[in-house]
Amino acid sequence: MSGRLPRLWLALVYLLLYVPIAVLLLYSFNDARTGYRWGGWSLRWYRALFANDTLMDSLWNSLALAAAAATLATAIGALTAFALHRYRFRGRELMHGLLFVVMMSPEIVLAISLLALFLLVGLQLGFTSLLIAHLTFCLPFVVITVLARLAGFDARLLEAARDLGASEARALYTVLLPAILPALLAGWLLGFTLSLDDVVVSTFVGGPSYEVLPLRIYSMVRVGLKPEVNALGTLLLVFSLLALALSQLLLNKQKS
Amino acid sequence: MTSPLLSLRAIGKAYAGRPVLLDLSLDVLDGEFLTLLGPSGCGKTTLLRLIAGFEHPDQGSIQLAGADLTAVPPERRPLNTVFQQYALFPHLDVFGNVAYGLRRERRPRAEIDLRVREALDLVQLGEFARRKPQQLSGGQQQRVAIARALVKRPRLLLLDEPLSALDAKLRRQMQLELKRLQRELGIAFVFVTHDQEEALSMSDRVAVLHAGVLQQLGTPREVYERPANLFTARFVGETNLFPARVLETQGERVVVDCAGQRRTLPTPGFAPHAGQAVNLLLRPEDIRVLGPDADHGLPGTVIERNYKGSTLDSLIRLDSGQEVLVSEFFDEDDPAFDYRLGETVKVSWVDGWEWMLPADG
Ligand SMILES: Nc1ncnc2c1ncn2[C@@H]1O[C@H](COP(=O)(O)OP(=O)(O)OP(=O)(O)O)[C@@H](O)[C@H]1O
Ligand SMILES: [Mg+2]
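All values reported here derive from a predicted model rather than from experimental measurement. (Residues numbered from 1 in each chain as written. Chains lettered and ligands numbered in written order. Predicted model: local features only at pLDDT ≥ 70, side-chain atom pairs only at ≥ 80, totals over all residues. Heavy atoms only, no water.)

### Some words on the domain arrangement of chain B
Residues and elements named next belong to chain B. Annotation of chain B at the domain level lists domain 1 (4-234) and domain 2 (238-358). Each of domain 1 and domain 2 has a C-alpha centre, and the two are 39 Å apart. Of the roughly 800 Å² buried between domain 1 and domain 2 on both sides combined, carbon and sulfur atoms contribute 59%. Of all residues in domain 1, Tyr 224, Leu 230 and Ala 233 give up the largest surface area on contact with domain 2, accounting jointly for 55% of the area buried on that side. Inspection of the region where domain 1 meets domain 2 yields zero salt bridges. Where domain 1 touches domain 2, the interface holds four residue pairs in polar contact (both at pLDDT 80 or more). Elements represented by at least two residues in the side of domain 1 that touches domain 2 include exactly α7 (220-225) and α8 (230-235). Class assignment of the residues belonging to the side of domain 1 that touches domain 2 gives a composition of six nonpolar, one polar and three charged. (Domains from an automatic or database assignment. Buried area = accessible area lost by both parts, 1.4 Å probe. Salt bridge = Lys/Arg side-chain N within 4 Å of Asp/Glu carboxyl O. Polar contact = N/O pair within 3.5 Å; in protein donor to acceptor, adjacent residues only side chain to side chain. Helix = DSSP H or I, 4+ residues; strand = E, 2+ residues; numbered from the N terminus. Nonpolar A, V, L, I, M, F, W, Y, C, P; charged D, E, K, R; others polar.)

As structure tokens, this is what we get:
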């Protein structure tokens, strides 16, 4: 008896986690016109999705923005983490603490302050403002992830590299970089996902010139959601699973 | 030919105002095995880091083969280091670790392959080329670290307590191996240890370091038999110390009073004067135990006997309260050897076997 209770519990949790996703998957292949009846298998919503230019445009916009924000955040974040780790300077503790402030503060606060800032400096709302905004909330996550990895890094390895003839830059590239690569990858993926599904900040700092996917879907809800959104959701799901698998593959290859 | 390979001149180094090395001068000759011996925290690692270029001296200069090293970064110093905790690159396999230094020199692939194989064979790790460091035992990791440094063919190799993490048996074996490598390759070694036995058995010369000051530099024999001061005497092996006072000097001899006994001894390395307080140092194996009726010697009681295989160690408490450690080669047939616990005896030594130091030195 006692062995079955935990298993039942686990089954419930997994049901809770995966039933919505399963429904989405299933209905993306549904042939019926309205969402709630089953009308047999079909790819019609996928065809509809690819024919829907505004939706596809917003998808590409979102992917490009997420990739750009994640890449920039990883580059800047890694350098910031390295500086915080390596050098002892005044304000180091403060900088470290401020990272958490950005991470913990409600998104709406960040959104309003960024908007105020952009209006103040007269920045046209569009791709640039979105990129800066997404960079802002991705950055702390990358820094924290890389910092954690650096904390476990043995600095004597860099000395060993120098001793064997590597310049400082070469030692960082050949010894430190491989050591923190998992953190960089994790940071990039985290940033990519955060950017991709952000609604609040994008609502405030986005402009009509660059519409991102979550906002597009959001506005579609008001006029009635079509099942092609299910197809889109399924594609995004497959995308993120592929990204996850790829990162795992890279990490394993590095380890063995 | 005998001009030094490495020459340290009046080196001084302080961390946050606390001196770690003081006015230290030292020469390392080409091809010699020089050991830095000293207790924990005396500045051994700091000295190696200065030579390797990871730290800069506050004062003094470092020259290698006649060239000043002060402004030369670590990667351009023609010497290599075996680090205290090995510091192998975890993301590279054994081959990659050993090849790392050659790749930085942009050697052709074939040459790298060949030299790495040679280096691995030298340390008997030929079959382990594809293993990761984490998959090796401590002794094997140690050998990878040595191969990684040696493959660069440096003229000088710095080794920071390379054997301290190994168990006694492996340690003994690695000592022999290191010594063999050093002799075959003709590379000068600066070897750090705080184990005096290791220092004495492996080195051509020993530099005894204490609190950042070079106490003595000499062959293992010199350091052991003729220590420059009390610190060296006590740190390098067991020693017994008998306070004495100079009564008079007679040409080549000096007459001292040691616990009421008059002894005429050869003149020491310094110039004694009448009335001077001195210490007579005797290694445990130089002390003789005599019966209670002997006509000379200091009376005492046997309070401990330890059979050590080839030697028999005894602790004897003199009537003055001082305890004397005696180590005698075991000889079953010698009846004089058979002292029991609690028995009264006299301890003495052959005049001239002692080593005399001024008491205030
Ligand atoms: N980076 C540093 N900052 C401040 N003090 C240091 C630093 N490195 C070493 N010291 C101090 O310098 C002294 C000498 O240290 P060092 O590491 O050279 O000792 P050691 O002889 O190698 O000791 P051990 O046998 O324990 O390795 C120690 O008192 C140590 O605390
Ligand atoms: Mg040390």
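### Quick look at the environment of Leu 194 of chain A
Residues and elements named next belong to chain A. Relative to the helices and strands, Leu 194 resides in helix α8 (residues 168-196). By relative accessible area, which is 25% here, Leu 194 ends up partly exposed. Those residues within four positions of Leu 194 in sequence are excluded, and the remaining contacts are Phe 137, Cys 138 and Phe 141. (Buried < 20%, exposed > 50% of the residue type's maximum accessible area, 1.4 Å probe, protein only. Contact = heavy atoms within 4.5 Å.)

### So, the site of ligand 1
All names here are of chain B. Contacts to ligand 1 come from 13 residues, most closely from Ser 40, Gly 41, Lys 44, Thr 45 and Thr 46. Take Gly 41: an N or O atom from its main chain is 2.8 Å from an oxygen atom of ligand 1. Between an oxygen atom of ligand 1 and a side-chain N or O atom of Thr 45, the distance comes to 2.6 Å. When ligand 1 is considered free in solution it has 640 Å² of accessible area, and contact with the protein chains removes 62% of it. At the level of secondary structure, the elements contributing two or more residues to the shell around ligand 1 comprise β2 (18-28) and α1 (44-52). With three residues, the single largest contributor to the shell around ligand 1 is α1. Of the residues belonging to the shell around ligand 1, the class tally is three nonpolar, seven polar and three charged. (Near = heavy atom within 4 Å. Areas by Shrake-Rupley, 256 points an atom, 1.4 Å probe, with all protein chains shown as cover.)

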